Amino acid sequence: MPDSLPSDSVGLVTPQTLHFDEPLQLACGQVLKSWDLVVETYGTLNQDHTNAVLICHALSGHHHAAGYHSPGDRKPGWWDACIGPGKPIDTNRFFVVSINNLGGCHGSTGPNTVNPETGELYGPDFPVVTVQDWVNSQAVLADRLGIGCWAAVVGGSLGGMQALQWSISHPDRLKHAVVIASTPRLTAQNIAFNEVARRAITSDSDFHGGRYYEHNTLPRRGLMLARMVGHITYLSDASMGEKFGRELREQAYQFGYDAEFQVESYLRYQGERFSETFDANTYLLMTRALDYFDPAYETDNDLVKVMARARCEFLVLSFSSDWRFTPARSEELVNAMIAARRKVSYAEIDAPWGHDAFLIPTPRYNAVFSTYMARVAREVGA
Amino acid sequence: MRADLEIIQQWISPGSHILDLGCGDGTLLHYLQQERQTSGFGLEINPDHITECMNKGVAVIEQNLDTQGLSNFDDDSFDTVLMTQALQAVRRPDIVLDEMMRLGREGIVTFPNFAYWRLRWYLMSRGRMPESETLPHKWYNTPNIHLCTFRDFEALCHEKNFRIRNRTVVDGEHQDRWLSRLWPNMLGQIAIYRITRGD
């Protein structure tokens, strides 16, 4: 944390764990009898409970979206650029709820938590949950918090898929869905990258079929590789070029296979750090949830028919250099909304950072996002 | 209130589904939403205009008519397709008109008249490309790459078998003057056309 808190920070925040005994029916057929969600909230819920905004996280995200947990924190929450007083999701106006999804590894029920039925960690026995399951669990959370209708459900990437799923599954429970750098379904190429990541993890000899906890080890090499390949897909050729170019760590080629280029060393460092802090089973689960997401699957791939169920308004944003979920994928979604006569606004933000651009504030992104959310706030009397 | 909004409004039935090509800051769509409870979208490429549309609560899609076309919209999916002061700025006005008539039952088009007498006089007396309040750019940097006259437009509609249902000719302030009715192609600055398919 900086020496003094910036005035546009939500400041020090404390996550809380909410326990649920309502059985949750999952898409795979299994039922979670009891479960926990770790939640952070920022801002104040107004008297009429109309100003609540749900933040949905992406693959490696969690509940800590804004502010600091302690004065010693080096970095704020993962979307601090967009959440805070005067920021696009303005905590002076909105009551913001940010959660760690089921299957995550930051405190909510998932592979690295104890299965109450066995007293052991779930590990690989934790059911494969889907975006639909997450949204259903978030709806139970909304009930608990007394939120009948969200002013907006907001997310980027996998988070955007949740916002989209909300609009289809619970059409009367949100006024706006903000779908950023997302897609209505993964392409074969997207799934292929996920498969490489999963194979890296599962083929690590320390993986032990997902029961590495019992062996007091972690599939570090596998998770590191998974993160390295994932990380490449979040950046763009141009942004990697600008950051690293062909820069060497030493003056000259070493004629060996260690990390000689800066980009190699960066990827290794990021991968190693990630492999110590993220759970491999959660990584498998999150990538699978991405693969499975396809709301048009049940209507013979007719996305228009599915979008016709929605009642909320939409803001869809894409980024010019995003090659993971390209602007064309957002446009596919927007076109289905147009054909279904849903109210949608769409902008393609010019930004060089690839998929990660949704986490990085730029003047236009900020202007569009802030303006849209300010109108949402006016509408709901926030 | 802008006089052209008032004129266009009269041609829009309540609850219509509308597409506005080059919707600018959303003033027209916002006005129609308020006055005629319309639904629909505006297409725009100017970032500041897009943001302003969002501020007004107008559904706006970032889409470039020249490079992306309109193939993402279905046949007969709108009651009215609007295009105000943008026809002269697109790469192929004829194709855009075809698309307007494919997507909508009706089209409403406004554009500046290049045969307006002041422009004729400018060209004749100075021998230079005319500039005016309506057309303030230089020949080399103007976005208005396909200027035409009322007669040109009507000839094109005739060729395409589009019916001109209404035409209101106005001056630079969008006022309907008796003089410009007398000899529109000479005295009118801007025309507001309402067209449908001929069949």
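Residues numbered from 1 in each chain as written. Chains lettered and ligands numbered in written order. Predicted model: local features only at pLDDT ≥ 70, side-chain atom pairs only at ≥ 80, totals over all residues. Heavy atoms only, no water.

Per an unreviewed UniProt entry, chain B carries the name Methionine biosynthesis protein MetW and comes from Marinobacter segnicrescens.

Per an unreviewed UniProt entry, chain A goes by the name Homoserine O-succinyltransferase and belongs to Marinobacter segnicrescens. In UniProt, chain A has this text filed under Subunit (unreviewed entry): "Homodimer." Note on chain A: under the UniProt heading Function (unreviewed entry), the record states "Transfers a succinyl group from succinyl-CoA to L-homoserine, forming succinyl-L-homoserine." (UniProt positions renumbered as here; feature names shortened; annotations may be inferred.)

### A word on the overall build of chain B
Along the backbone of chain B there are nine helices and seven strands. For 199 residues, the compact-globule estimate of 2.2 N^0.38 gives 16 Å, and the C-alpha radius of gyration of chain B, at 16 Å, lies within 12% of that figure. In chain B, which comprises 199 residues, the share counted as buried stands at 50%. Put simply, 65% of the contacts in chain B that link residues at least 6 apart link residues at least 24 apart. As displayed, chain B offers around 9700 Å² of accessible surface, 48% of which is attributable to carbon and sulfur atoms. (Helix = DSSP H or I, 4+ residues; strand = E, 2+ residues; numbered from the N terminus. Rg over C-alpha atoms; globule rule 2.2 N^0.38 Å. Buried < 20%, exposed > 50% of the residue type's maximum accessible area, 1.4 Å probe, protein only. Contact = heavy atoms within 4.5 Å. Areas by Shrake-Rupley, 256 points an atom, 1.4 Å probe, with all protein chains shown as cover.)

### Details of the packing of aromatic side chains
Residues and elements named next belong to chain A. Tallying each qualifying case throughout the model produces 26 aromatic pairs over all chains. Centroid distance Phe 244 to Tyr 266: 4.8 Å. Interplanar angle 45°. Geometry classified as tilted. Here Phe 244 is found in the loop between helix 5 (237-243) and helix 6 (262-277), whereas its partner Tyr 266 is found in helix 6, with 22 residues between them in sequence. Here Phe 244 matches Tyr 266 in class, with each residue buried. A centroid spacing of 6.1 Å and a plane angle of 85° characterise the contact between Phe 278 and Tyr 283, whose relative ring orientation is edge-to-face. Tyr 283 matches Phe 278 in its accessibility class, with the two residues each being buried. A connected cluster of aromatic rings, assembled from ring pairs, spans Trp 78, Trp 79, Phe 319, Phe 358, Tyr 365 and Phe 369. Above the ring of Phe 20, the side-chain terminus of Arg 144 is found at 4.3 Å from the ring centroid. (Phe/Tyr/Trp six-rings, centres within 6.5 Å; stacked < 30°, edge-to-face > 60°. Lys NZ or Arg CZ within 6 Å of the ring centre and 35° of its normal.)

### Structural notes on the packing of helix 3 (residues 188-202) of chain A against helix 7 (residues 280-292) of chain A
Residue and element names in this part refer to chain A. With their axes 10 Å apart at the nearest point, helix 3 and helix 7 run at an angle of 160° to one another. Classed by the angle they form, the pair helix 3 and helix 7 counts as roughly antiparallel. For the pair helix 3 and helix 7, the sense of crossing is left-handed. Across the interface between the two elements, Ile 191, Asn 194, Ala 197, Arg 198, Ile 201 and Thr 202 of helix 3 pack against Ala 280, Tyr 283, Leu 284, Thr 287, Arg 288, Leu 290 and Asp 291 of helix 7. Here the residues of the contact of helix 3 with helix 7 are counted per class, giving seven nonpolar, three polar and three charged. (Axes fitted to C-alpha atoms, helices over the stretch in contact; angles between N-to-C directions. Parallel < 35°, antiparallel > 145°, perpendicular 65-115°, else oblique. Left-handed = near helix turned anticlockwise from the far one by under 90°. Nonpolar A, V, L, I, M, F, W, Y, C, P; charged D, E, K, R; others polar.)

### A short note on unusual backbone geometry
Residue and element names in this part refer to chain B. Residues other than glycine seldom take positive phi values, yet Asp 76 does so here, at roughly 50°. Even without being glycine, Asn 161 reaches a positive phi, approximately 60°. Mapping Asn 161 onto the fold places it in the loop between helix 7 (150-159) and strand 6 (162-170).

### Digging into the UniProt feature "binding site: substrate" (unreviewed entry) in chain A
Residues and elements named next belong to chain A. Under the local residue numbering, the UniProt record ascribes the feature "binding site: substrate" (unreviewed entry) to Arg 227 and Asp 356. The greatest C-alpha distance among the annotated residues, which extend across 130 residues, is 14.0 Å, indicating that they converge on a single site. By relative accessible area, which is 13% here, Arg 227 ends up buried. In this structure Arg 227 touches Ser 60, Tyr 234, Gln 270, Gly 271, Phe 274 and Tyr 283, once residues within four positions along its chain are discounted.

### Quick notes on the interface of chain B and chain A
Opposite the 20 residues of chain B that make contact, chain A presents 21 residues. In terms of surface lost to chain A, no three residues of chain B exceed Phe 41, Met 54 and Glu 62 of chain B, which account for 34% of the buried area on that side. Along the contact surface separating chain B from chain A lie one salt bridge. In this structure, Arg 364 of chain A and Glu 62 of chain B form a salt bridge, with 2.9 Å as the shortest nitrogen-oxygen distance. Where chain B packs against chain A, one counts 10 residue pairs in polar contact (both at pLDDT 80 or more). Secondary structure elements with two or more residues in the side of chain B that touches chain A: helix 3 (47-56) and strand 3 (60-62) of chain B. In terms of residues, the side of chain B that touches chain A owes the most to one element, helix 3 of chain B, which gives six residues. In terms of residue class, the side of chain B that touches chain A is made up of nine nonpolar, eight polar and three charged. (Buried area = accessible area lost by both parts, 1.4 Å probe. Salt bridge = Lys/Arg side-chain N within 4 Å of Asp/Glu carboxyl O. Polar contact = N/O pair within 3.5 Å; in protein donor to acceptor, adjacent residues only side chain to side chain.)

### Digging into the pattern of salt bridges
One pass over the structure, following the stated rule, counts 30 salt bridges over all chains. Bridged by salt links that share partners, the residues Arg 185, Asp 294, Arg 329 and Glu 332 of chain A form one connected network.

### Considering the packing of helix 3 of chain A against helix 4 (residues 220-234) of chain A
The relative placement of two packed helices comes down to the angle between their axes together with the axis-to-axis distance. Residues and elements named next belong to chain A. The N-to-C vectors of helix 3 and helix 4 enclose an angle of 165°; their axes lie 7 Å apart at closest approach. Here helix 3 lies roughly antiparallel to helix 4, going by the angle between them. For the element pair helix 3 and helix 4, the recorded crossing hand is right-handed. Between helix 3 and helix 4, the residues in contact are Phe 193, Val 196, Ala 197, Ala 200 and Ile 201 and Gly 222, Leu 223, Leu 225, Ala 226, Val 229 and Thr 233, respectively. Its residues placed into classes, the contact of helix 3 with helix 4 shows nine nonpolar, two polar and no charged.

### Remarks on the environment of Gln 37 of chain B
Residue and element names in this part refer to chain B. Within the secondary structure, Gln 37 is located in the loop between helix 2 (27-36) and strand 2 (39-44). Taking the C-alpha atoms as reference, Gln 37 lies 26 Å from Asp 176; in sequence the two are 139 residues apart. Those residues in contact with Gln 37 that sit more than four places away from it in its chain are Gly 15 and Leu 32. Within the structure, the side chain of Gln 37 is placed 3.0 Å from the backbone oxygen of Gln 34, a separation counted as a polar contact.

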